[in-house]
Amino acid sequence: SSEFFGALGRLRYAAAGLGQLDGLRIRTPSFGGVTIGAFGGFVPDPRSGLPDFETQRFGLELQYRDFTAEWRPQISLVAHGSLFHGTIDERRLNAQLAFFPGQFRFGGAVELSLHDDPNPWNVGVVEVSNANVDASIRVDDFDIGVRLDMRRPERSLWLASVLPRSWLCTP
């Protein structure tokens with residue numbers, strides 16, 4: 001986009017690959033396909049959907065898109081974190097890559113989580129928390145695709161405080 005973008009309120013996506021946020025998101029105009037965005041606000045409570053003023057999320061997004069190229073590449077890098085009761089909780093880095101040649105789509109993503117040492121989950125300081133690759137083809141009204149996905153249990157003090165241990169896939 002060649003224009004500045006700003007949104008305030010309940011955001012469906014805070015950034016590429018990052019869910020809801022009650023807050024502010026801004027993005028620069030595109031310079032050679034590159035945009036820079038920033039966001040911050042409160043995370044909705046997973047049980048009620050109301051803003052949780054004890055949990056804040058913030059971050060930066062760097063994105064590149066070239067819809068004029070034959071493969072129409074789209075690359076996103078998002079660095080984000082959260083505060084829970086005034087203490088740093090989540091620290092993550094997400095990268096997404098996608099190509100859209102003709103009727104096809106090829107993509108992948110990875111999320112790195114950074115943890116304190118020691119931490120309640122007894123995991124390393126850096127952990128691959130999610131990774132995936134996918135491919136699809138559009139045939140008339142149908143998308144036919146395949147996806148390989150790896151996900152680790154959510155490691156967030158905030159979520160552990162509001163959801164049962166069984167939801168977080170922990171014993």
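Placed above this text is the structure.
Nothing here was measured: the structure is a model prediction, and the numbers come from that model.

> Before we go on, may I ask you to explain the sheet that holds strand 7 (residues 104-114) in this structure?
Two modes of strand pairing occur in sheets, parallel and antiparallel, and in both the strands are linked by backbone hydrogen bonds. Across the sheet, 9 strands lie side by side as 1-2-3-4-5-6-7-8-9; this open sheet has antiparallel pairing. The sheet is open, and its two edges are formed by strand 1 (5-11) and strand 9 (142-151), each paired on a single side. Mean inter-strand twist for the sheet, computed between neighbouring axes without regard to direction, equals 15°. Bridge count for strand 2 (residues 21-27) against strand 3 (residues 34-44) is 6 bridges, and the pairing is antiparallel. Residue pairing for strand 3: Ile26 is matched across the bridge by Ala38.

> Explain the environment of Arg155 here, please?
Topologically, Arg155 is positioned in the loop between strand 9 and helix 1 (157-162). Separated by 119 residues in sequence, Arg155 and Ile36 have C-alpha atoms that sit 27 Å apart. Excluding anything up to four places from it in sequence, Arg155 contacts Glu90, Arg92, His115, Trp121, Val123 and Glu127. Of note is the side chain of Arg155, whose polar atom sits 2.9 Å from the side chain of Glu127.

> Would you explain the packing of aromatic side chains in this entry?
To describe a pair of aromatic rings, you give the distance between the ring centres and the angle between the ring planes. For the coordinates displayed, the defined rule picks out 4 aromatic pairs. Consider the rings of Phe42 and Phe53, whose centres lie 4.9 Å apart with planes at 75°: the pair is edge-to-face. Placement of Phe42 in strand 3 and of Phe53 in strand 4 (residues 51-65) is noted, with a sequence separation of 11 residues between them. Residue classification places Phe42 among the partly exposed residues on the basis of a relative accessible area of 28%. A ring pair is formed by Phe104 and Phe106, whose centres lie 6.1 Å apart and whose planes are at 10°; its orientation type is stacked. Taken together, the ring pairs connect Trp71, Phe99, Phe104 and Phe106 into an aromatic cluster.

> Just checking my understanding: could you explain the layout of surface pockets for this structure?
Gaps left between atoms are located by rolling a probe of water-molecule size over the structure's atoms. Put simply, the largest pocket is a space of about 890 Å³. Forming the walls of the largest pocket are 43 residues, and the residues nearest its centre are Gly17, Leu18, Gly19, Glu111 and Arg151. Those elements that place two or more of their residues in the lining of the largest pocket are strand 3, strand 5 (74-84), strand 6 (87-99), strand 7, strand 8 (126-139), strand 9 and helix 1. A total of 7 residues in the lining of the largest pocket trace back to one element, the largest contributor, which is strand 6. A class-by-class count of the residues in the lining of the largest pocket yields 16 nonpolar, 13 polar and 14 charged. Of the pockets and cavities examined, the second largest pocket occupies roughly 310 Å³. Lining the second largest pocket are 17 residues, and of these Arg27, Thr35, Gln63, Arg65 and Gln74 lie nearest its centre. Elements with a contribution of two residues or more to the lining of the second largest pocket: strand 2 and strand 4.

The rules we used
- Residues numbered from 1 in each chain as written.
- Predicted model: local features only at pLDDT ≥ 70, side-chain atom pairs only at ≥ 80, totals over all residues.
- Heavy atoms only, no water.
- Pairing = 2+ DSSP bridges.
- Helix = DSSP H or I, 4+ residues; strand = E, 2+ residues; numbered from the N terminus.
- Axes fitted to C-alpha atoms, helices over the stretch in contact; angles between N-to-C directions.
- Contact = heavy atoms within 4.5 Å.
- Polar contact = N/O pair within 3.5 Å; in protein donor to acceptor, adjacent residues only side chain to side chain.
- Phe/Tyr/Trp six-rings, centres within 6.5 Å; stacked < 30°, edge-to-face > 60°.
- Buried < 20%, exposed > 50% of the residue type's maximum accessible area, 1.4 Å probe, protein only.
- 1 Å grid on protein atoms, 1.4 Å probe; cavity = no way out; pocket = protein on both sides within 12 Å on 5 of 7 lines; lining within 4 Å.
- Points joined across faces, edges and corners; volume = space filled by probe spheres on them.
- Nonpolar A, V, L, I, M, F, W, Y, C, P; charged D, E, K, R; others polar.

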